[in-house]
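Listed below, chain by chain, are the residues.
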Amino acid sequence: MRDYIDAAAFKDMILCADAALAANTQMINDLNVFPVPDGDTGTNMGLTLNKAATELRKKDFDTIAAAADCVASALLRGARGNSGVILSLLFRGISRRLKGTETAGPVEFSGAMQDGVDAAYKAVMKPAEGTILTVSRLASAAAAEAAAAGASLENCLVCALKAGGEALEDTVNLNPVLKKAGVVDAGGKGYIIILEAMLASLRGELAAPAEESHVAQESVFAKLGQEDITFAFDTVFIVRKNDPDVDLEPLRKYLNSIGDSLVIGEDDEAFKVHVHTNIPGNALNKAQKYGVLELAKIENMRTQNDDLLAGRHVQSTDDLDAIEEELENSALAEPEKEYGIVTVCAGSGMEDLFRELGADGIVTGGQTMNPSTDDILKEINRTPASTVFVFPNNKNIIMAAEQCIPICEKKVVVMPTKTVPQGISALLNFNPDEEEQSLICLLY
């Protein structure tokens, strides 16, 4: 029975916990009703811990102190949502207690767990019981009590899990919002999953996965409505400190006056804020008095809740790259010439041939892989011409191409080419100055 944790064991424990959270993301999301019913606690905790796992995989560590510091630093910067920030604080406390140590036994590690809980309680402006705070507090207290009685490290974690599990079951009685929904706390459940995986890793029952875990990013939970969302904007940001010893208490009081669910985590270099507010701009402006804003994330929880209830994809800042690309792709190119050509084909060789024949845009597709109307429309919009001729080169694509005619701001002429050879022949003989009907007749 192992009675201490070194750097390698701690690294494996975190990697196993990361994989366990990833596997249970949806289940945790489905429990998420507090502090707001936005169905993302599992996603936030999973992606937060995944940041630490990613950093841990990059190197090995000589001491548990170095490994714990790596985890804490990655979690602070990768923390997402209320639950992610609290998780980062739990590990920040662990890191501080283990500073300068090579290995951790029962007393050291249970004490580190308690320091993590203390850090989390101090950072939360209005700690609510019946949450991850309650579960982690009672779990760490049980571990410390067992350690003081001479228990092994493994048994300390067993005691922590037993007490934490009982506390989790009781969250439904402690928190009115959870009682209304009839579920246990999502963050508390995530914490228990982490502890279970860490214990299983310590016992040798779980091996650290060789590949990175992938966290599901959708939820279908929709038990509560918008009346449970007091402040609309979930606001998270990181500020690099001007002064490592800066007092954040005035900022804490201000943010609490304009919102709720406030959590502030910090290290010597930066601090991270999570707050729900209706005026996120004010929060950012105030915070910049304490340092330089590094990054920010603002999401509208009311619209996210609407999407959940309607069964739609819940948009988040993770979608920004895709949205930006879509906006760029759908933007109308300014006409630089009168006529343009878009053609459909598959393979780089065919692409090169059609471009040599004068095609401005290529839509990838053909037999068995028919492009959508939207795919064709995007390429039409990119083409810098007033009138765009489309060569579908497949009979199954002609109708999709014709759907672009009434919805495109440009003039679109679909040449009903049914095969790639027919498309090549048509382009070789193509003269856009001829009447449209005459051009079409050439194909028959």
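Predicted model only: the values in this text are computed from it and were never measured.

1. Some thoughts on the packing of helix 3 (residues 41-56) against helix 10 (residues 186-203)
(1) Moving on: The contact between helix 3 and helix 10 brings their axes to 9 Å, and the two run at 40°. As far as their axial angle goes, helix 10 and helix 3 are oblique. In this structure, helix 3 meets helix 10 at a crossing whose hand is right-handed. Residues Thr 41, Met 45 and Leu 49 of helix 3 touch helix 10, and the partners they reach there are Ala 186, Gly 187, Gly 190, Tyr 191 and Ile 194.
(2) Moving on: Across the contact of helix 3 with helix 10, the residue classes break down as five nonpolar, three polar and no charged.

2. With respect to helix 1 (residues 7-23)
(1) Moving on: The terminal C-alpha atoms of helix 1 lie 25 Å apart, and with 17 residues this matches the ideal 24 Å at 1.5 Å per residue to within 8%.
(2) Moving on: Between a side-chain oxygen at the N-terminus of helix 1 and the backbone nitrogen of Ala 8 the separation is 3.4 Å; the capping residue is Asp 6.

3. Some words on the sheet that holds strand 5 (residues 337-345)
(1) Moving on: Pairing within the open sheet is parallel, and its four strands lie in the order 6-5-7-8. Of all the strands in the sheet, the pair left with one neighbour each is strand 6 (361-364) and strand 8 (411-414). When strand polarity is set aside, the average angle formed by the axes of neighbouring strands in this sheet is 25°.
(2) Moving on: Both strand 7 (residues 385-391) and strand 8 contribute to a ladder of four bridges, which runs parallel.

4. Details of the pattern of salt bridges
(1) Moving on: All chains considered together, the criterion is met by 16 salt bridges.
(2) Moving on: With a closest N to O distance of 3.7 Å, Arg 240 and Glu 269 form a salt bridge. Pair noted here: Arg 240 is in strand 1 (residues 233-241) and Glu 269 is in the loop between strand 2 (259-266) and strand 3 (270-277), with a separation of 29 residues, a long-range link.
(3) Moving on: When its relative accessible area of 35% is taken as the criterion, Arg 240 is described as partly exposed.
(4) Moving on: With a closest N to O distance of 2.5 Å, Glu 379 and Arg 382 form a salt bridge. Of this pair, Glu 379 and Arg 382 are both found in helix 16 (residues 373-382), three residues apart, which corresponds to roughly one turn of the helix.
(5) Moving on: In this structure Arg 382 comes out as partly exposed when scored by relative accessible area, which is 34%.
(6) Moving on: Each of Glu 154, Arg 203 and Glu 205 takes part in one network of salt bridges that share partners.

How each quantity is defined
Residues numbered from 1 in each chain as written. Predicted model: local features only at pLDDT ≥ 70, side-chain atom pairs only at ≥ 80, totals over all residues. Heavy atoms only, no water. Axes fitted to C-alpha atoms, helices over the stretch in contact; angles between N-to-C directions. Helix = DSSP H or I, 4+ residues; strand = E, 2+ residues; numbered from the N terminus. Parallel < 35°, antiparallel > 145°, perpendicular 65-115°, else oblique. Left-handed = near helix turned anticlockwise from the far one by under 90°. Contact = heavy atoms within 4.5 Å. Nonpolar A, V, L, I, M, F, W, Y, C, P; charged D, E, K, R; others polar. Expected span 1.5 Å × (residues − 1). Polar contact = N/O pair within 3.5 Å; in protein donor to acceptor, adjacent residues only side chain to side chain. Pairing = 2+ DSSP bridges. Salt bridge = Lys/Arg side-chain N within 4 Å of Asp/Glu carboxyl O. Buried < 20%, exposed > 50% of the residue type's maximum accessible area, 1.4 Å probe, protein only.

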